[in-house]
Amino acid sequence: MSNTGGAPRVAADPFTCPMMPMREKPPVHEDLRAAGPVVAARAPAGGTAWVVTDDELAREVLADPRFVKDPGLAPQSWHGVDDGLDLPVPQLRPYTLIAVDGEEHRRLRRIHAPAFNPRRLAARATRIETIARALFTALAEESARSGRPAELVGGFAFHFPLLVVCDLLGVPVTDPVTAREAIGALKTVALGTADEQEALTADSSALENLLLDAVRAARRDGAEDTMTRVLYERSVAEFGSVTDEQLVHMVTGLIFAGHDTTGSFLGFLLAEVLAGHLPADAGDEEVAAFVDETLRHHPPVPYTLWRFAATDVTLGGLELPRGAPVLVDIEGINTDARLHPDPHALDPQRPSRRRMTFGDGPHYCIGEQLALLESRTMIGVLRRDFPAARLAVPFDELRWHREGSQTARLTELPAWLR
(Lines give C-alpha, C1' and ligand atoms only; values in the text may rest on other atoms or scores of the structure.)
Protein backbone atom coordinates (compact mmCIF):
# COMPACT_ATOMS: atom_id res chain seq x y z
CA MET A 1 0.00 0.00 0.00
CA SER A 2 2.20 2.82 -1.27
CA ASN A 3 -0.50 5.41 -2.19
CA THR A 4 -0.62 7.99 0.59
CA GLY A 5 -3.95 9.55 -0.44
CA GLY A 6 -2.23 12.91 -0.72
CA ALA A 7 -0.74 12.81 2.78
CA PRO A 8 2.83 14.08 3.09
CA ARG A 9 5.26 11.26 3.71
CA VAL A 10 7.96 11.60 6.36
CA ALA A 11 11.31 9.93 5.91
CA ALA A 12 11.94 9.67 9.67
CA ASP A 13 10.93 6.42 11.34
CA PRO A 14 8.17 7.12 13.91
CA PHE A 15 8.89 3.81 15.61
CA THR A 16 12.58 4.35 16.38
CA CYS A 17 13.32 5.74 19.82
CA PRO A 18 16.88 6.47 20.96
CA MET A 19 17.80 6.51 24.63
CA MET A 20 16.18 9.69 25.96
CA PRO A 21 16.63 11.95 29.02
CA MET A 22 13.58 12.50 31.21
CA ARG A 23 12.69 15.91 29.78
CA GLU A 24 12.98 14.96 26.11
CA LYS A 25 10.89 13.10 23.53
CA PRO A 26 12.05 11.63 20.20
CA PRO A 27 12.39 14.46 17.64
CA VAL A 28 10.28 12.49 15.14
CA HIS A 29 7.15 13.89 16.79
CA GLU A 30 8.18 17.41 15.78
CA ASP A 31 8.81 16.14 12.24
CA LEU A 32 5.39 14.50 12.07
CA ARG A 33 3.60 17.58 13.41
CA ALA A 34 5.44 19.90 11.02
CA ALA A 35 4.47 17.71 8.05
CA GLY A 36 0.73 18.03 8.68
CA PRO A 37 -2.29 16.84 10.66
CA VAL A 38 -2.24 13.47 8.86
CA VAL A 39 1.11 12.07 7.79
CA ALA A 40 2.13 8.93 5.91
CA ALA A 41 4.98 6.82 7.28
CA ARG A 42 6.35 3.31 6.94
CA ALA A 43 4.70 0.81 9.29
CA PRO A 44 6.96 -1.48 11.37
CA ALA A 45 5.80 -4.52 9.38
CA GLY A 46 6.07 -2.73 6.05
CA GLY A 47 3.70 -0.72 3.91
CA THR A 48 2.14 2.66 4.57
CA ALA A 49 0.55 3.77 7.83
CA TRP A 50 -1.13 7.10 8.50
CA VAL A 51 -0.31 9.01 11.69
CA VAL A 52 -2.71 11.65 13.04
CA THR A 53 -0.85 14.49 14.76
CA ASP A 54 -3.63 17.02 15.43
CA ASP A 55 -5.58 16.79 18.69
CA GLU A 56 -9.04 17.63 17.35
CA LEU A 57 -8.67 15.41 14.29
CA ALA A 58 -7.36 12.60 16.48
CA ARG A 59 -10.46 12.74 18.67
CA GLU A 60 -12.62 12.64 15.54
CA VAL A 61 -10.81 9.48 14.39
CA LEU A 62 -11.15 7.78 17.78
CA ALA A 63 -14.91 8.48 17.79
CA ASP A 64 -15.51 7.63 14.12
CA PRO A 65 -17.12 4.17 13.64
CA ARG A 66 -15.45 3.91 10.20
CA PHE A 67 -12.09 3.39 11.92
CA VAL A 68 -12.20 -0.05 13.49
CA LYS A 69 -10.03 -2.54 15.37
CA ASP A 70 -10.83 -5.41 12.98
CA PRO A 71 -7.49 -7.24 12.47
CA GLY A 72 -8.93 -8.81 9.34
CA LEU A 73 -8.40 -5.46 7.62
CA ALA A 74 -4.68 -5.41 8.42
CA PRO A 75 -2.13 -6.02 5.65
CA GLN A 76 -1.62 -9.75 5.12
CA SER A 77 2.07 -9.49 6.01
CA TRP A 78 1.24 -8.44 9.59
CA HIS A 79 1.46 -11.38 11.99
CA GLY A 80 0.33 -10.28 15.43
CA VAL A 81 1.70 -8.59 18.54
CA ASP A 82 5.21 -8.54 17.07
CA ASP A 83 3.82 -6.05 14.53
CA GLY A 84 1.69 -4.19 17.06
CA LEU A 85 -1.44 -6.04 15.95
CA ASP A 86 -3.96 -7.57 18.37
CA LEU A 87 -4.97 -10.82 16.67
CA PRO A 88 -6.98 -13.04 19.03
CA VAL A 89 -8.16 -16.44 17.84
CA PRO A 90 -11.52 -15.98 16.05
CA GLN A 91 -13.64 -17.76 18.67
CA LEU A 92 -12.32 -15.49 21.45
CA ARG A 93 -12.34 -12.19 19.57
CA PRO A 94 -15.92 -11.37 20.73
CA TYR A 95 -14.53 -11.50 24.30
CA THR A 96 -11.52 -9.24 23.57
CA LEU A 97 -12.28 -5.67 24.65
CA ILE A 98 -9.50 -4.10 22.58
CA ALA A 99 -10.30 -5.99 19.36
CA VAL A 100 -13.99 -5.33 18.69
CA ASP A 101 -16.16 -2.32 17.85
CA GLY A 102 -19.77 -1.23 17.70
CA GLU A 103 -22.36 -3.25 19.59
CA GLU A 104 -19.85 -6.04 20.33
CA HIS A 105 -17.64 -3.50 22.08
CA ARG A 106 -20.52 -1.82 23.88
CA ARG A 107 -21.58 -5.21 25.22
CA LEU A 108 -18.07 -5.91 26.55
CA ARG A 109 -17.91 -2.42 28.10
CA ARG A 110 -21.15 -3.18 29.93
CA ILE A 111 -19.55 -6.37 31.24
CA HIS A 112 -16.27 -4.75 32.32
CA ALA A 113 -17.33 -1.28 33.49
CA PRO A 114 -18.93 -2.33 36.84
CA ALA A 115 -15.62 -3.92 37.87
CA PHE A 116 -13.96 -0.48 37.60
CA ASN A 117 -16.67 1.51 39.33
CA PRO A 118 -14.88 4.23 41.39
CA ARG A 119 -16.80 3.31 44.57
CA ARG A 120 -15.88 -0.35 44.15
CA LEU A 121 -12.22 0.57 43.72
CA ALA A 122 -12.27 3.00 46.65
CA ALA A 123 -13.57 0.21 48.88
CA ARG A 124 -10.35 -1.68 48.13
CA ALA A 125 -8.02 1.25 48.70
CA THR A 126 -6.73 -0.15 52.00
CA ARG A 127 -5.81 -3.44 50.36
CA ILE A 128 -4.03 -1.62 47.53
CA GLU A 129 -2.13 0.45 50.09
CA THR A 130 -1.07 -2.73 51.90
CA ILE A 131 0.39 -4.14 48.68
CA ALA A 132 2.36 -0.95 48.03
CA ARG A 133 3.68 -0.82 51.59
CA ALA A 134 4.78 -4.47 51.52
CA LEU A 135 6.72 -4.00 48.28
CA PHE A 136 8.43 -0.80 49.42
CA THR A 137 9.26 -2.34 52.81
CA ALA A 138 10.82 -5.45 51.27
CA LEU A 139 12.91 -3.29 48.93
CA ALA A 140 14.02 -1.03 51.80
CA GLU A 141 15.05 -4.01 53.94
CA GLU A 142 17.00 -5.61 51.11
CA SER A 143 18.69 -2.26 50.41
CA ALA A 144 19.69 -1.97 54.08
CA ARG A 145 21.15 -5.49 54.03
CA SER A 146 23.08 -5.03 50.79
CA GLY A 147 24.12 -1.42 51.21
CA ARG A 148 22.94 -0.78 47.64
CA PRO A 149 20.06 1.38 46.42
CA ALA A 150 16.72 -0.27 45.71
CA GLU A 151 15.93 -0.67 42.02
CA LEU A 152 12.37 0.53 41.63
CA VAL A 153 11.54 -0.12 37.96
CA GLY A 154 11.65 -3.90 38.15
CA GLY A 155 11.28 -4.06 41.93
CA PHE A 156 8.18 -1.89 42.31
CA ALA A 157 6.80 -0.05 39.28
CA PHE A 158 5.77 -3.13 37.31
CA HIS A 159 5.17 -5.47 40.25
CA PHE A 160 2.77 -3.17 42.10
CA PRO A 161 0.02 -2.88 39.44
CA LEU A 162 0.40 -6.57 38.58
CA LEU A 163 -0.18 -7.63 42.19
CA VAL A 164 -3.04 -5.15 42.54
CA VAL A 165 -4.99 -6.25 39.47
CA CYS A 166 -4.46 -9.94 40.31
CA ASP A 167 -5.65 -9.32 43.86
CA LEU A 168 -8.76 -7.51 42.61
CA LEU A 169 -9.47 -10.39 40.24
CA GLY A 170 -9.00 -13.02 42.95
CA VAL A 171 -5.91 -14.50 41.31
CA PRO A 172 -3.45 -15.18 44.18
CA VAL A 173 -0.13 -14.30 42.54
CA THR A 174 2.75 -14.26 45.03
CA ASP A 175 5.75 -14.25 42.68
CA PRO A 176 5.42 -11.23 40.35
CA VAL A 177 8.68 -12.00 38.51
CA THR A 178 7.54 -15.43 37.34
CA ALA A 179 4.02 -14.15 36.77
CA ARG A 180 5.21 -11.39 34.44
CA GLU A 181 7.15 -13.90 32.35
CA ALA A 182 4.10 -16.15 32.15
CA ILE A 183 1.84 -13.24 31.25
CA GLY A 184 4.15 -12.28 28.40
CA ALA A 185 3.92 -15.80 27.04
CA LEU A 186 0.13 -15.92 27.38
CA LYS A 187 -0.22 -12.55 25.66
CA THR A 188 1.71 -13.56 22.56
CA VAL A 189 -0.33 -16.73 22.23
CA ALA A 190 -3.70 -15.07 23.00
CA LEU A 191 -3.20 -12.09 20.70
CA GLY A 192 -1.00 -13.62 18.00
CA THR A 193 2.74 -13.49 17.36
CA ALA A 194 5.18 -14.03 14.55
CA ASP A 195 7.04 -16.57 16.68
CA GLU A 196 4.76 -18.41 19.08
CA GLN A 197 7.39 -21.07 19.74
CA GLU A 198 9.64 -18.44 21.33
CA ALA A 199 6.74 -17.32 23.53
CA LEU A 200 6.26 -20.84 24.80
CA THR A 201 9.74 -20.93 26.37
CA ALA A 202 8.24 -19.32 29.49
CA ASP A 203 6.28 -21.75 31.67
CA SER A 204 2.80 -20.30 32.07
CA SER A 205 1.14 -23.44 33.47
CA ALA A 206 1.13 -22.27 37.11
CA LEU A 207 -0.49 -18.96 36.20
CA GLU A 208 -3.00 -20.68 33.93
CA ASN A 209 -4.02 -22.91 36.84
CA LEU A 210 -4.48 -19.87 39.08
CA LEU A 211 -6.63 -18.18 36.43
CA LEU A 212 -8.80 -21.26 36.02
CA ASP A 213 -9.17 -21.61 39.79
CA ALA A 214 -10.24 -17.95 40.05
CA VAL A 215 -12.82 -18.39 37.30
CA ARG A 216 -14.29 -21.54 38.85
CA ALA A 217 -14.39 -19.92 42.28
CA ALA A 218 -16.26 -16.94 40.83
CA ARG A 219 -19.05 -19.23 39.60
CA ARG A 220 -19.89 -20.60 43.05
CA ASP A 221 -22.86 -19.38 45.06
CA GLY A 222 -21.68 -16.94 47.70
CA ALA A 223 -18.40 -16.34 45.85
CA GLU A 224 -16.15 -13.50 46.97
CA ASP A 225 -17.00 -10.18 45.31
CA THR A 226 -13.96 -10.07 43.05
CA MET A 227 -13.63 -8.47 39.62
CA THR A 228 -13.81 -11.99 38.18
CA ARG A 229 -17.16 -12.50 39.90
CA VAL A 230 -18.39 -9.25 38.34
CA LEU A 231 -17.22 -10.37 34.89
CA TYR A 232 -19.00 -13.70 35.37
CA GLU A 233 -22.29 -12.16 36.49
CA ARG A 234 -22.29 -9.50 33.77
CA SER A 235 -21.30 -12.02 31.08
CA VAL A 236 -24.23 -14.25 32.01
CA ALA A 237 -26.52 -11.19 31.87
CA GLU A 238 -25.24 -10.21 28.42
CA PHE A 239 -24.55 -13.56 26.76
CA GLY A 240 -26.80 -15.94 28.71
CA SER A 241 -23.78 -18.10 29.56
CA VAL A 242 -19.99 -17.97 29.52
CA THR A 243 -17.44 -20.80 29.36
CA ASP A 244 -14.36 -21.11 31.52
CA GLU A 245 -12.19 -20.46 28.45
CA GLN A 246 -14.05 -17.26 27.60
CA LEU A 247 -13.92 -15.98 31.17
CA VAL A 248 -10.22 -16.82 31.54
CA HIS A 249 -9.59 -14.92 28.30
CA MET A 250 -11.32 -11.80 29.68
CA VAL A 251 -9.51 -12.05 33.02
CA THR A 252 -6.17 -12.50 31.26
CA GLY A 253 -6.91 -9.45 29.11
CA LEU A 254 -7.39 -7.33 32.22
CA ILE A 255 -4.07 -8.53 33.61
CA PHE A 256 -2.33 -7.65 30.33
CA ALA A 257 -3.85 -4.20 30.26
CA GLY A 258 -3.79 -3.62 34.00
CA HIS A 259 -0.08 -3.80 34.68
CA ASP A 260 2.22 -3.13 31.74
CA THR A 261 1.28 0.43 30.76
CA THR A 262 0.56 1.34 34.39
CA GLY A 263 3.96 -0.04 35.41
CA SER A 264 5.63 2.11 32.77
CA PHE A 265 3.90 5.25 34.03
CA LEU A 266 4.51 4.51 37.72
CA GLY A 267 8.25 4.33 37.02
CA PHE A 268 8.21 7.85 35.60
CA LEU A 269 5.95 9.10 38.39
CA LEU A 270 8.25 7.62 41.03
CA ALA A 271 11.23 9.35 39.44
CA GLU A 272 9.47 12.72 39.49
CA VAL A 273 8.39 12.31 43.13
CA LEU A 274 11.78 11.05 44.35
CA ALA A 275 13.48 13.97 42.60
CA GLY A 276 11.51 16.31 44.85
CA HIS A 277 9.32 17.74 42.11
CA LEU A 278 6.18 17.21 44.22
CA PRO A 279 6.22 19.46 47.31
CA ALA A 280 6.35 17.45 50.53
CA ASP A 281 3.28 19.29 51.88
CA ALA A 282 1.20 18.93 48.71
CA GLY A 283 -2.49 18.36 49.41
CA ASP A 284 -4.82 15.98 47.61
CA GLU A 285 -5.67 18.44 44.83
CA GLU A 286 -2.01 19.23 44.23
CA VAL A 287 -1.18 15.50 44.11
CA ALA A 288 -3.99 14.93 41.61
CA ALA A 289 -2.72 17.78 39.42
CA PHE A 290 0.83 16.42 39.65
CA VAL A 291 -0.30 12.95 38.57
CA ASP A 292 -2.29 14.41 35.67
CA GLU A 293 0.64 16.48 34.44
CA THR A 294 2.98 13.52 34.72
CA LEU A 295 0.51 11.48 32.66
CA ARG A 296 0.66 14.15 29.98
CA HIS A 297 4.43 14.37 30.05
CA HIS A 298 5.15 10.63 30.31
CA PRO A 299 2.49 8.64 28.42
CA PRO A 300 3.32 4.92 28.62
CA VAL A 301 2.86 4.37 24.87
CA PRO A 302 3.66 6.74 22.00
CA TYR A 303 0.69 5.84 19.81
CA THR A 304 -2.77 4.37 20.05
CA LEU A 305 -3.43 0.79 19.05
CA TRP A 306 -4.02 0.31 15.33
CA ARG A 307 -7.29 1.31 13.71
CA PHE A 308 -8.15 0.38 10.13
CA ALA A 309 -10.42 2.20 7.71
CA ALA A 310 -13.48 0.00 7.23
CA THR A 311 -14.22 1.79 3.96
CA ASP A 312 -12.66 4.52 1.82
CA VAL A 313 -12.52 7.54 4.15
CA THR A 314 -11.84 11.25 3.76
CA LEU A 315 -9.73 12.36 6.71
CA GLY A 316 -8.47 15.91 7.04
CA GLY A 317 -9.11 16.43 3.33
CA LEU A 318 -7.12 13.31 2.38
CA GLU A 319 -8.47 10.14 0.79
CA LEU A 320 -7.57 7.01 2.76
CA PRO A 321 -8.31 3.63 1.17
CA ARG A 322 -10.21 0.82 2.85
CA GLY A 323 -7.84 -1.07 5.14
CA ALA A 324 -5.60 1.96 5.75
CA PRO A 325 -3.75 1.47 9.08
CA VAL A 326 -4.12 4.58 11.26
CA LEU A 327 -2.44 5.63 14.51
CA VAL A 328 -2.89 8.65 16.74
CA ASP A 329 0.34 10.26 17.94
CA ILE A 330 -0.28 10.33 21.71
CA GLU A 331 3.25 11.42 22.62
CA GLY A 332 3.27 14.16 19.98
CA ILE A 333 -0.16 15.56 20.84
CA ASN A 334 0.66 15.56 24.55
CA THR A 335 3.75 17.69 23.81
CA ASP A 336 2.22 19.98 21.19
CA ALA A 337 3.19 23.56 22.11
CA ARG A 338 -0.05 24.82 20.54
CA LEU A 339 -1.91 23.02 23.32
CA HIS A 340 0.69 23.12 26.08
CA PRO A 341 3.14 26.05 26.14
CA ASP A 342 6.66 24.93 27.07
CA PRO A 343 5.45 21.33 26.60
CA HIS A 344 8.61 19.57 27.81
CA ALA A 345 8.43 21.21 31.24
CA LEU A 346 6.57 19.46 34.04
CA ASP A 347 4.10 22.09 35.23
CA PRO A 348 1.19 20.84 37.37
CA GLN A 349 -0.22 24.38 37.40
CA ARG A 350 -1.06 24.35 33.69
CA PRO A 351 -4.53 25.78 33.07
CA SER A 352 -5.47 22.78 30.92
CA ARG A 353 -5.19 19.10 31.90
CA ARG A 354 -6.19 17.96 28.40
CA ARG A 355 -4.19 14.88 27.40
CA MET A 356 -4.41 11.93 25.05
CA THR A 357 -2.78 9.42 27.40
CA PHE A 358 -5.89 7.30 27.95
CA GLY A 359 -7.18 7.72 24.41
CA ASP A 360 -10.64 9.04 23.54
CA GLY A 361 -13.95 7.87 22.15
CA PRO A 362 -15.60 4.48 22.77
CA HIS A 363 -12.26 2.78 23.47
CA TYR A 364 -11.24 5.29 26.17
CA CYS A 365 -9.16 3.34 28.69
CA ILE A 366 -11.55 1.55 31.04
CA GLY A 367 -8.81 1.23 33.70
CA GLU A 368 -8.13 4.96 34.11
CA GLN A 369 -9.64 5.18 37.61
CA LEU A 370 -7.61 2.20 38.82
CA ALA A 371 -4.39 3.69 37.43
CA LEU A 372 -5.12 7.01 39.16
CA LEU A 373 -5.90 5.25 42.46
CA GLU A 374 -2.67 3.25 42.25
CA SER A 375 -0.72 6.44 41.52
CA ARG A 376 -2.16 8.34 44.47
CA THR A 377 -1.76 5.34 46.77
CA MET A 378 1.86 4.84 45.78
CA ILE A 379 2.65 8.50 46.48
CA GLY A 380 0.81 8.40 49.81
CA VAL A 381 2.65 5.33 51.08
CA LEU A 382 5.99 6.68 49.94
CA ARG A 383 5.49 10.03 51.67
CA ARG A 384 4.06 8.62 54.92
CA ASP A 385 6.24 5.54 55.41
CA PHE A 386 9.43 6.53 53.61
CA PRO A 387 9.78 10.32 54.01
CA ALA A 388 13.56 10.15 53.43
CA ALA A 389 13.19 8.37 50.07
CA ARG A 390 15.30 9.93 47.34
CA LEU A 391 17.01 9.19 44.06
CA ALA A 392 20.42 7.54 44.25
CA VAL A 393 21.54 9.25 41.03
CA PRO A 394 20.94 12.77 39.68
CA PHE A 395 17.58 13.13 37.93
CA ASP A 396 19.29 14.35 34.76
CA GLU A 397 21.15 11.03 34.47
CA LEU A 398 17.95 8.97 34.25
CA ARG A 399 17.18 7.58 30.80
CA TRP A 400 14.15 5.99 29.15
CA HIS A 401 13.55 4.09 25.95
CA ARG A 402 11.06 1.93 24.10
CA GLU A 403 11.09 -0.64 21.33
CA GLY A 404 9.01 0.44 18.34
CA SER A 405 5.52 1.43 19.45
CA GLN A 406 5.74 -0.64 22.63
CA THR A 407 5.63 0.53 26.22
CA ALA A 408 8.20 3.11 27.31
CA ARG A 409 10.22 2.41 30.42
CA LEU A 410 13.07 3.81 32.45
CA THR A 411 16.30 1.86 32.07
CA GLU A 412 16.70 1.91 35.85
CA LEU A 413 15.52 3.82 38.91
CA PRO A 414 17.96 3.42 41.82
CA ALA A 415 16.73 4.98 45.05
CA TRP A 416 17.43 5.08 48.75
CA LEU A 417 14.17 4.47 50.57
CA ARG A 418 15.51 5.18 54.07
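Keep in mind that this is a model prediction, so the values were computed, not measured.

The rules behind these values
Residues numbered from 1 in each chain as written. Predicted model: local features only at pLDDT ≥ 70, side-chain atom pairs only at ≥ 80, totals over all residues. Heavy atoms only, no water. Helix = DSSP H or I, 4+ residues; strand = E, 2+ residues; numbered from the N terminus. Rg over C-alpha atoms; globule rule 2.2 N^0.38 Å. Buried < 20%, exposed > 50% of the residue type's maximum accessible area, 1.4 Å probe, protein only. Contact = heavy atoms within 4.5 Å. Areas by Shrake-Rupley, 256 points an atom, 1.4 Å probe, with all protein chains shown as cover. Lys, Arg positive; Asp, Glu negative; His and termini not counted. Charge placed at Lys NZ, Arg CZ, Asp CG, Glu CD. Expected span 1.5 Å × (residues − 1). Pairing = 2+ DSSP bridges. Axes fitted to C-alpha atoms, helices over the stretch in contact; angles between N-to-C directions. Left-handed = near helix turned anticlockwise from the far one by under 90°. Nonpolar A, V, L, I, M, F, W, Y, C, P; charged D, E, K, R; others polar. Phe/Tyr/Trp six-rings, centres within 6.5 Å; stacked < 30°, edge-to-face > 60°. Salt bridge = Lys/Arg side-chain N within 4 Å of Asp/Glu carboxyl O. Core = buried A, V, L, I, M, F, W, Y, C linked by side-chain atoms within 4.5 Å.

*Asks:* Any chance you could explain the overall build of the chain here in plain terms?
*Replies:* Within the chain, the secondary structure is distributed over 15 helices and 13 strands. Here the chain has a C-alpha radius of gyration of 21 Å; the compact-globule value for 418 residues is 22 Å, and the two agree. For the chain, with 418 residues in total, the buried portion stands at 53%. Contacts spanning at least 24 positions in sequence make up 74% of the contacts within the chain whose residues lie at least 6 apart. Accessible surface, the chain: about 17,700 Å² in total, of which carbon and sulfur atoms supply 51%. Of note, the chain has its 43 positive side-chain charges centred 4 Å away from the centre of its 59 negative side-chain charges.

*Asks:* Explain helix 5 (residues 125-146) to me, please; I cannot follow it from the model alone.
*Replies:* A turn of α-helix holds 3.6 residues, and therefore any two residues three or four places apart point the same way. End to end, helix 5 covers 32 Å across 22 residues, agreeing with the expected 32 Å (1.5 Å per residue, within 8%). Packing partners of the buried residues in helix 5 comprise strand 5 (150-151), helix 6 (152-157), helix 7 (159-169), helix 12 (244-274), helix 15 (368-385) and strand 13 (414-416). Where helix 5 terminates, the next one or two residues include Gly-147, which has phi positive at roughly 75°.

*Asks:* Explain the sheet that holds strand 5 to me, please; I cannot follow it from the model alone.
*Replies:* For sheets, the rule is that strands pair by backbone hydrogen bonds, running either parallel or antiparallel. On the basis of which strands lie adjacent, the open sheet formed by three strands has the order 5-13-10 and antiparallel pairing. Two strands bound the open sheet, and with one partner strand each, they are strand 5 and strand 10 (390-391). As paired strands, strand 10 and strand 13 are joined by two bridges and run antiparallel to one another. Paired with Leu-391 across the bridge in strand 13 is Ala-415.

*Asks:* Before we go on, may I ask you to explain the environment of Thr-226 in this structure?
*Replies:* Examined against the element boundaries, Thr-226 turns out to sit in the loop between helix 10 (205-219) and helix 11 (227-239). A sequence separation of 60 residues divides Thr-226 from Cys-166, and the C-alpha atoms of the two residues are 9.9 Å apart. If we ignore the near neighbours within four places in the chain, the residues touching Thr-226 are Arg-120, Leu-168, Leu-169 and Gly-170.

*Asks:* How do you make sense of the packing of helix 12 against helix 15 when you look at a structure like this?
*Replies:* How two helices pack is summed up by the angle between their axes together with the distance between the axes. Axis separation between helix 12 and helix 15 bottoms out at 11 Å; the angle between their running directions is 35°. For the pair helix 12 and helix 15, the sense of crossing is right-handed. Across the interface between the two elements, Thr-262, Phe-265, Leu-266, Leu-269, Leu-270, Val-273 and Leu-274 from helix 12 touch Ala-371, Glu-374, Ser-375, Met-378, Ile-379 and Leu-382 from helix 15. Here the residues of the contact of helix 12 with helix 15 are counted per class, giving 10 nonpolar, two polar and one charged.

*Asks:* What's the story with the sheet that holds strand 4 (residues 67-68) in this structure? I'm lost.
*Replies:* Read from one edge to the other, the open sheet built from five strands follows the order 2-3-9-6-4, with strand pairing classed as mixed. The open sheet has two free edges, formed respectively by strand 2 (38-42) and strand 4, since each of these has just one partner strand. Here two bridges tie strand 4 to strand 6 (residues 307-309), and the two strands are oriented antiparallel to one another. Counted as the bridge partner of Val-68 is Phe-308 from strand 6.

*Asks:* Can you help me understand the packing of aromatic side chains in this one?
*Replies:* The geometry of an aromatic ring pair is captured by two quantities: the separation of the ring centres and the angle between the planes. Summed over all chains, the structure comprises eight aromatic pairs. Taken together, a centroid distance of 4.0 Å and an interplanar angle of 10° make the contact between Phe-136 and Phe-156 stacked. Of the two residues, Phe-136 is situated in helix 5 and Phe-156 in helix 6; the sequence distance between them amounts to 20 residues. By the burial criterion, Phe-136 is buried, and Phe-156 matches it. Arranged with centres 6.2 Å apart and planes meeting at 75°, the rings of Phe-268 and Trp-400 form a pair that is edge-to-face. Taken as a pair, Phe-268 in helix 12 and Trp-400 in strand 11 (residues 399-401) lie far apart in primary sequence, 132 residues in all. For the pair Phe-268 and Trp-400, a shared accessibility class is recorded, and that class is buried.

*Asks:* Explanation requested: the pairing of strand 2 in the structure shown.
*Replies:* A regular strand places its side chains so that they alternate between the two faces of the sheet. The element strand 2 is largely enclosed, with a buried count of four among its five residues. Here strand 2 runs beside strand 3 (residues 48-52); their pairing, made up of five bridges, is antiparallel. Residue pairing across strands places Ala-41 opposite Ala-49, the latter belonging to strand 3. Counted along the chain from strand 2 to the antiparallel partner strand 3, the turn is five residues long, and its residue Gly-46 has a positive phi close to 100°.

*Asks:* What is the right way to read the pattern of salt bridges from this model?
*Replies:* A pair can form between side chains of opposite charge whenever their charged atoms are brought close. Under the defined criterion, the tally for this structure stands at 30 salt bridges. A salt bridge links Asp-225 to Arg-124, with the nearest nitrogen and oxygen atoms 3.7 Å apart. With Asp-225 in the loop between helix 10 and helix 11 and Arg-124 in the loop between helix 4 (118-122) and helix 5, this pair connects stretches of sequence that are 101 residues apart. In this structure, Arg-133 engages Asp-385 in a salt bridge whose closest nitrogen and oxygen atoms are separated by 2.5 Å. Of this pair, Arg-133 sits in helix 5 while Asp-385 sits in helix 15, placing them 252 residues apart in sequence. Using a relative accessible area of 25% as the deciding quantity, one classes Arg-133 as partly exposed. Each of Glu-103, Arg-106, Arg-107, Arg-110, Arg-234 and Glu-238 takes part in one network of salt bridges that share partners.

*Asks:* Would you explain the nonpolar core in this entry?
*Replies:* Generally speaking, nonpolar side chains in soluble globular proteins are found buried as a group. By size, the foremost hydrophobic cluster in this structure holds 90 residues, and its most contacted members are Leu-152, Phe-156, Phe-160 and Leu-417. The residues contacting Leu-417, other than those within four sequence positions of it, are Phe-136, Leu-139, Ala-140, Ala-150, Leu-152, Leu-382, Phe-386, Ala-388 and Ala-389.

*Asks:* Is there a simple way to think about unusual backbone geometry in this case?
*Replies:* It is generally the case that most residues other than glycine have a negative phi and that most peptide bonds are trans. Of note in the backbone geometry, Asp-342 takes a positive phi value of approximately 50° without being a glycine. One can find Asp-342 in the loop between helix 14 (330-334) and helix 15.

*Asks:* Where do I start with the pairing of strand 9 (residues 325-328) in this structure?
*Replies:* Here strand 9 shows two buried faces, one formed by Pro-325 and Leu-327 and the other by Val-326 and Val-328. Two elements, strand 3 and strand 9, share three bridges in a ladder whose sense is parallel. Bridging across to strand 9, Val-52 finds its partner in Val-328. Relative to strand 9, strand 6 is paired through two bridges, and the arrangement is antiparallel. What sits directly across from Phe-308, in strand 9, is Pro-325.

Just distances and angles here, no functional claims.
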